[in-house]
Amino acid sequence: VALTDNDMTALTAILTESTGEAVVRALAANGVQHVFGIPGTHNLELYRGLHGSGIRHITPRHEQGAGYAADAYARSTGRPGVVITTSGPGLLNALTSLATAYADSIPVLVISPGPAVGLERADSGWLHEVKDQRAAADAVLERSVRCHSAAQAVHEIHRLFAEWTTSRPRPVHLEIPIDVLEAHFPVVPAAPLTRPGRVAADPAAVASALELLLAARRPLVLAGGGSVDAGAPLAALAELLGCPVVTTTTGKGALPESHPLSGGVAVPYATELLADADVLLVVGSELAETDLDPAVLDGLTALIRLDIAAPQLSKTLAPAVALLGHADRVLEQLLEHAESAGAGRAVAEGEARAALLRSAVRADGAPVWGALHDGLRGILSDSAVVCGDSSQVSYRGTAALLRQEGPRRFLYPNGFATLGYAVPAAIGAAVGSPGTEVLALLGDGAFMFSVQELATAVEQRLPFTVVVVDNGGYGEIRDQMLDRGIPPLGVDLFVPDLAAVATALGCAASTAGSLEELLEAVRDSFANPAPGPTVIVVQQSLIT
Ligand SMILES: Cc1ncc(C[n+]2csc(CCOP(=O)(O)OP(=O)(O)O)c2C)c(N)n1
Ligand SMILES: [Mg+2]
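Below is a short write-up of the structure. (Residues numbered from 1 in each chain as written. Chains lettered and ligands numbered in written order. Predicted model: local features only at pLDDT ≥ 70, side-chain atom pairs only at ≥ 80, totals over all residues. Heavy atoms only, no water.)

Turning our attention to the overall build of the protein chain. What the protein chain contains, in helices and strands, is 23 helices and 20 strands. In summary, the protein chain has a C-alpha radius of gyration of 25 Å against a globular reference of 24 Å for 544 residues, a match within 12%. Seen through its principal axes, the protein chain has C-alpha atoms that stretch 85 × 60 × 45 Å. The buried share of the protein chain, reckoned over its 544 residues, is 56%. Here the contacts in the protein chain between residues at least 6 apart in sequence split such that 75% fall between residues at least 24 apart. Counting every atom, the protein chain has about 21100 Å² of accessible surface; 56% of that belongs to carbon and sulfur. For the protein chain, the centre of its 35 positive side-chain charges and the centre of its 58 negative side-chain charges are spaced 3 Å apart. (Helix = DSSP H or I, 4+ residues; strand = E, 2+ residues; numbered from the N terminus. Rg over C-alpha atoms; globule rule 2.2 N^0.38 Å. Buried < 20%, exposed > 50% of the residue type's maximum accessible area, 1.4 Å probe, protein only. Contact = heavy atoms within 4.5 Å. Areas by Shrake-Rupley, 256 points an atom, 1.4 Å probe, with all protein chains shown as cover. Lys, Arg positive; Asp, Glu negative; His and termini not counted. Charge placed at Lys NZ, Arg CZ, Asp CG, Glu CD.)

Throughout the structure, instances matching the rule amount to one cavity of 30 Å³ or more. Taken together, Leu-376, Arg-377, Leu-380, Ser-381, Asp-382, Ala-384, Leu-402, Arg-403, Gln-404, Glu-405 and Arg-409 form the lining of the largest cavity. (1 Å grid on protein atoms, 1.4 Å probe; cavity = no way out; pocket = protein on both sides within 12 Å on 5 of 7 lines; lining within 4 Å. Points joined across faces, edges and corners; volume = space filled by probe spheres on them.)

So, about the site of ligand 1. Residues in contact with ligand 1 amount to 17 residues; listed here are only the nearest, Ser-391, Ala-417, Gly-445, Asn-471 and Gly-475. Contact distances for ligand 1 include 2.7 Å between an oxygen atom and a side-chain N or O atom of Ser-391. In this structure, Ala-417 approaches ligand 1 through a main-chain N or O atom, which is 2.8 Å from a nitrogen atom. In the complex, 78% of the free accessible area of ligand 1, which totals 580 Å², lies under the protein chains. Looking at the shell around ligand 1, the elements with two or more residues in it are helix H18 (444-449) and helix H20 (475-483). A per-element tally of the shell around ligand 1 places H18 first, with four residues. Within the shell around ligand 1, the residues separate by chemical class into six nonpolar, nine polar and two charged. (Near = heavy atom within 4 Å. Polar contact = N/O pair within 3.5 Å; in protein donor to acceptor, adjacent residues only side chain to side chain. Nonpolar A, V, L, I, M, F, W, Y, C, P; charged D, E, K, R; others polar.)

Here we come to the coordination of the magnesium ion (ligand 2). Of the protein atoms, only Asp-444 (OD), Asn-471 (OD1) and Gly-473 (O) coordinate the magnesium ion (ligand 2), at distances of 2.1 Å. Read from N- to C-terminus, the donor residues coordinating the magnesium ion (ligand 2) fall into the pattern D-x26-N-x1-G. In this pair, Asp-444 is assigned in helix H18 and Gly-473 in the loop between strand E18 (465-470) and H20, connecting sequence segments 29 residues apart. A relative accessible area of 6% places Gly-473 in the buried class. (Donors = N, O, S within 2.8 Å, 3.2 Å for Na, K, Ca; no water.)

Let us look at the nonpolar core. Phe-447 and Val-466 are the most contacted members of the largest nonpolar core, which totals 50 residues. Sort the elements by how many residues they give to this core and helix H17 (residues 422-432) lands first, with eight residues. With sequence-adjacent residues up to four places away left out, Phe-447 is seen in contact with Val-423, Leu-442, Leu-454, Val-466, Val-468, Leu-498 and Val-535. In this structure, Ala-205, Cys-243, Leu-281 and Val-321 belong to the second largest nonpolar core, which totals 36 residues. (Core = buried A, V, L, I, M, F, W, Y, C linked by side-chain atoms within 4.5 Å.)

With that settled, the discussion passes to the state of the cysteines. All chains considered together, the criterion is met by zero disulfides. Cys-387 takes part in no disulfide bond, and the closest cysteine sulfur to it belongs to Cys-507, at a distance of 15 Å. The exposure class of Cys-387 is buried, given its relative accessible area of 0%. (Disulfide = S-S within 2.5 Å.)

This brings us to the pairing of strand E9 (residues 219-223). When you tally the buried positions in E9, you get five out of five residues, the bulk of the element. The side-chain alternation of E9 yields two buried faces, one formed by Pro-219, Val-221 and Ala-223 and the other by Leu-220 and Leu-222. Inspection of the sheet shows E9 paired to strand E12 (residues 279-283) by five bridges, in the parallel sense. Following the sheet pairing, Pro-219 is matched in E12 by Val-279. Where E9 lies against strand E10 (residues 245-247), three bridges are found, and the strand directions are parallel. Opposite Leu-222, over in E10, you have Val-246 as the bridge partner. Handedness of the β-α-β unit built from E9, helix H10 (residues 231-241) and E10 comes out right-handed. (Pairing = 2+ DSSP bridges. Right-handed = clockwise from strand over helix to strand, strands pointing away.)

Attention now goes to the sheet that holds strand E16 (residues 410-411). If you trace the six strands from one edge of the open sheet to the other, you get E16-E15-E17-E18-E20-E19, paired in parallel fashion. Where the open sheet ends on each side, the last strands, each with one partner, are E16 and strand E19 (508-512). As defined by bridge partners, E18 adjoins strand E20 (residues 534-539) across six bridges and the pair is classed as parallel. If you follow Val-466 over to E20, its bridge partner there is Val-535.

On to the packing of aromatic side chains. Counting across every chain of the model gives four aromatic pairs. Between the aromatic rings of Phe-161 and Trp-164, the centroid separation amounts to 5.4 Å while the plane-to-plane angle is 70°, which identifies the pairing as edge-to-face. Trp-164 gets classed as buried once you look at its relative accessible area, which sits at 9%. An angle of 10° between the planes, with centres 5.4 Å apart, marks the rings of Phe-410 and Tyr-412 as stacked. Classification of Phe-410 by relative accessible area gives buried; the value is 8%. Above the plane of the ring of Tyr-102 lies Arg-170, whose end atom (NZ or CZ) is 3.6 Å from the centre. (Phe/Tyr/Trp six-rings, centres within 6.5 Å; stacked < 30°, edge-to-face > 60°. Lys NZ or Arg CZ within 6 Å of the ring centre and 35° of its normal.)

Attention now goes to a nonpolar patch on the surface. A cluster of nonpolar residues, Val-1, Leu-3, Met-8, Leu-11, Ile-14 and Leu-15, forms a patch on the protein surface that exposes about 680 Å² of accessible area. Mapped onto the elements, Val-1 comes out in the segment before helix H1 (5-15). (Patch = residues over 30% accessible without salt bridge, like charges linked within 9 Å, V, L, I, M, F, W, Y side chains within 5 Å. Salt bridge = Lys/Arg side-chain N within 4 Å of Asp/Glu carboxyl O.)

Our focus in this paragraph is the packing of helix H9 (residues 203-215) against helix H13 (residues 327-340). As a packed pair, H9 and H13 sit with axes 10 Å apart at the nearest point and diverge in direction by 70°. Here H9 lies roughly perpendicular to H13, going by the angle between them. Here H9 and H13 pass one another in a crossing that is right-handed. Together, Val-206, Ala-207, Ala-209 and Leu-210 of H9 and Gln-333, Leu-334, His-337 and Ala-338 of H13 make up the contact between the two elements. Grouping the constituent residues of the contact of H9 with H13 by class yields six nonpolar, two polar and no charged. (Axes fitted to C-alpha atoms, helices over the stretch in contact; angles between N-to-C directions. Parallel < 35°, antiparallel > 145°, perpendicular 65-115°, else oblique. Left-handed = near helix turned anticlockwise from the far one by under 90°.)

Structure below.
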């Protein structure tokens, strides 16, 4: 049979696919169900692949929103977030949000086109040209990899999803040259890589750690972001050792905060009581500035660290015993070892220490935010997700004062402390966990950084609630200026009618005149959800 040119074209289309289509198939093969992205001239082949792929695409109104949504999607669900941008401005717009994911070890993949082969650092004036966007991304993320073929791009995706299961998960950028993204290659069926099981620590180190913990007079566990999937063995070990557990902000809820051994998020408030511990077990924390006051370490006779990443084990402070492995697996090892040795101690003293910690946090912290959070606690379901921002209500309030019964429920930019996180984060959380109550609780300054994303949420019919605490601008920074004798400058802001802004963007919106009215409006928003977000604005002076 002689094939015509038309036949050949048709056959080629069936047997080959663009790199963009191959990339989307690789995402789907790794279980990706949602991507947050903005299309542009250079990334169209990815959108050809998305069409009919079964992956839901959400278009935010700025790439920074895409990154925050993907970050929050990953924090709340445990599944990696995926972002698609175009080259140049699209990618650069996303970098701040990706740096947020980097700081808190959140798995996010960002895919963008890059300069065509031969145009690297060409300064030729091609559309969206950046001097070196890959280097810019590489400077902010775990790595940025330029992919030279469909096969390489697909392999990089498979490799990354496998790697994230056994390493400190951090964001990665794949740059695909525009010509490579558009080129057609023969379709190669590709399956995800085999994933290794949970990594256990060296048994000798486990034995040493247990010996220290059993000999301790006042042991303490500090559970960080690396502990969020280790709740069951964490609780069992704490109960066996009669040992209070405090968490960092990213580890919040790793032990339910109503557990009698929970000291909650005690940093930075209960330093003196924490310093009373003699042996400290740190689970999955880099011990950054926001995780632990170094003064806490002064009274220690021994520090034990458990982490999935070897460099983390000695970061900031080297331990007496280092446990390298998955938090849940290694805590199980400690537990098995203790049980087989018949070890155990009374819990009463540990519970008393935890109760002291909880009351120290309320007393040393910011009691002004107590009533709001106690009220919210009575309204929100145990599984509710609360998104915070770099606003006082979040880091002085929600982090320590909202009692939560599990992890992955307070989404907050802990390390990077960026403004504009909470609203797009609510989008990511609502997309990732339909049916779950989602509340964004933030200041007026933070709200104005990402207010346009409310349009995204309306479009996607995401019924979350937003509470904006208005204090006329950048309250924290105003206070810091006053503390230093600097006349406030650039902090007292014109605040538009925020409820009207939200209404114009398609939301249900209201202004509350008291704490009671605010709580009633929040209760009503969850009882009778609107088809999109409900925004409630309140003056800070009325609720604190
Ligand atoms: C992207 C970014 N820019 C600037 C800052 C510095 N900053 C920290 S808190 C803050 C004020 C935030 O205002 P708001 O959200 O209203 O909270 P408030 O301090 O009033 O409680 C500013 C400007 C930041 N954290 N992130
Ligand atoms: Mg403010």
